[in-house]
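The residues making up each chain are set out below.
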Amino acid sequence: MSDLSSSIEGGCQCGAVRYRIAGEALMTALCHCTTCRRANAAPAVAWAMFEASQVEFATQEPTVYESSPGARRSFCARCGTQICFTADYIPGLIDVTIGSLDQPERLAPVMHSWDSKRLPWLALSDDLVRHPEFPPQA
Ligand SMILES: [Zn+2]
Ligand SMILES: [Zn+2]
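To start, this report covers the structure provided alongside it. (Residues numbered from 1 in each chain as written. Chains lettered and ligands numbered in written order. Predicted model: local features only at pLDDT ≥ 70, side-chain atom pairs only at ≥ 80, totals over all residues. Heavy atoms only, no water.)

Describing the coordination of the zinc ion (ligand 2)
How we decide: Distances decide who is a donor: an N, O or S atom must be within 2.8 Å of the metal, or within 3.2 Å for Na, K and Ca. Water is not included, so sites may look incomplete. Whether a residue is buried, partly exposed or exposed follows from its accessible area with a 1.4 Å probe, protein chains only, as a fraction of its type maximum: under 20%, in between, or over 50%, in that order.
For the zinc ion (ligand 2), the protein coordination sphere consists of Cys31 (SG), Cys33 (SG) and Cys36 (SG), at 2.1 to 2.3 Å. As a motif over one chain, the donors of the zinc ion (ligand 2) read C-x1-C-x2-C. Residue Cys31 shares its accessibility class with Cys36, and that shared class is buried.

Thoughts on the sheet that holds strand β2 (residues 18-21)
Rules: Two strands make a pair as long as DSSP finds a minimum of two bridges between them. Counting from the N terminus, the helices are the DSSP runs of H or I reaching at least four residues and the strands are the DSSP runs of E reaching at least two. Lines fitted to the C-alpha atoms define the axes, with helices restricted to the stretch that makes contact. Angles between their N-to-C directions range from 0 to 180 degrees.
In space, the 3 strands of this open sheet follow the order β1-β2-β5, with antiparallel pairing throughout. Of all the strands in the sheet, the pair left with one neighbour each is β1 (8-11) and β5 (55-57). Adjacent strand axes in the sheet meet at a mean angle of 25 degrees when their direction is disregarded. Pairing of β1 with β2, which is carried by 4 bridges, proceeds in the antiparallel orientation. Each bridged residue has a counterpart across the sheet, and for Glu9 the counterpart in β2 is Arg20.

Observations concerning the layout of surface pockets
The following threshold applies: Points on a 1 Å grid over protein atoms alone make up a cavity when a 1.4 Å probe fits among them but cannot get out, and a pocket when they form an open set with protein on both sides within 12 Å along at least five of seven lines; lining residues each have an atom within 4 Å of a point. Grid points are joined across faces, edges and corners, and a volume is the space filled by probe spheres set on the points. Residue type decides the class: Asp, Glu, Lys and Arg count as charged, Ala, Val, Leu, Ile, Met, Phe, Trp, Tyr, Cys and Pro as nonpolar, and the leftover types, Gly among them, as polar.
As a volume, the largest pocket reaches approximately 300 Å³. Around the largest pocket sit 18 residues that line it, and Cys31, Cys33, Tyr89, Trp114 and Phe134 are the ones nearest its centre. Sorting the residues of the lining of the largest pocket by element identifies β3 (27-31), α1 (34-40) and β7 (71-75) as the ones contributing at least two each. In terms of residue class, the lining of the largest pocket is made up of 12 nonpolar, 4 polar and 2 charged. What lines the second largest pocket is Ala52, Val55, Phe57, Glu61, Pro62, Val64, Arg72, Ser74, Cys84, Thr86 and Ile94. Secondary-structure elements contributing two or more residues to the lining of the second largest pocket are β5, β7 and β8 (82-87).

Remarks on the pairing of β8
With 5 of 6 residues buried, β8 lies mostly within the body of the structure. As defined by bridge partners, β7 adjoins β8 across 5 bridges and the pair is classed as antiparallel. By the bridge assignment, Ala71 is partnered in β8 with Ala87. Where β7 folds back onto β8 in an antiparallel hairpin, the turn is made up of 6 residues, including Gly80, whose phi is positive at roughly 90 degrees. Sheet topology note: the β8/strand β9 (residues 93-97) ladder contains 2 bridges and is antiparallel. Within β9, the position partnered with Phe85 by the bridge is Asp95.

Laid out in structure tokens, this is it:
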């Protein structure tokens, strides 16, 4: 989890979208779902979840796309970097792509989500919990 003593910063590849996050992540996960895969054009996507109020954009906000009913993905309109995810089923929360952090090594996934959709050639030798679908909500 994150270091409370310093904020987390990140942004897109071109620099048009920059953000700063205060405090610790509520949850981190490596997601294998098909919409994350397609939206990011990547085999799996690492996410860190925060209260929406923890995340502040220092520049323009990313462009929002409704990737499925009630779920929104945000990305830089110029360079295409995926930045965040919000959804009606997680009100007040925001997922940020760990890959867009300036120091992505600071936040490690603690679980796999949608492991039932993991690509068969993606063999990861960690001991993290593997949820077949979206992890159960507290
Ligand atoms: Zn950009
Ligand atoms: Zn996903």
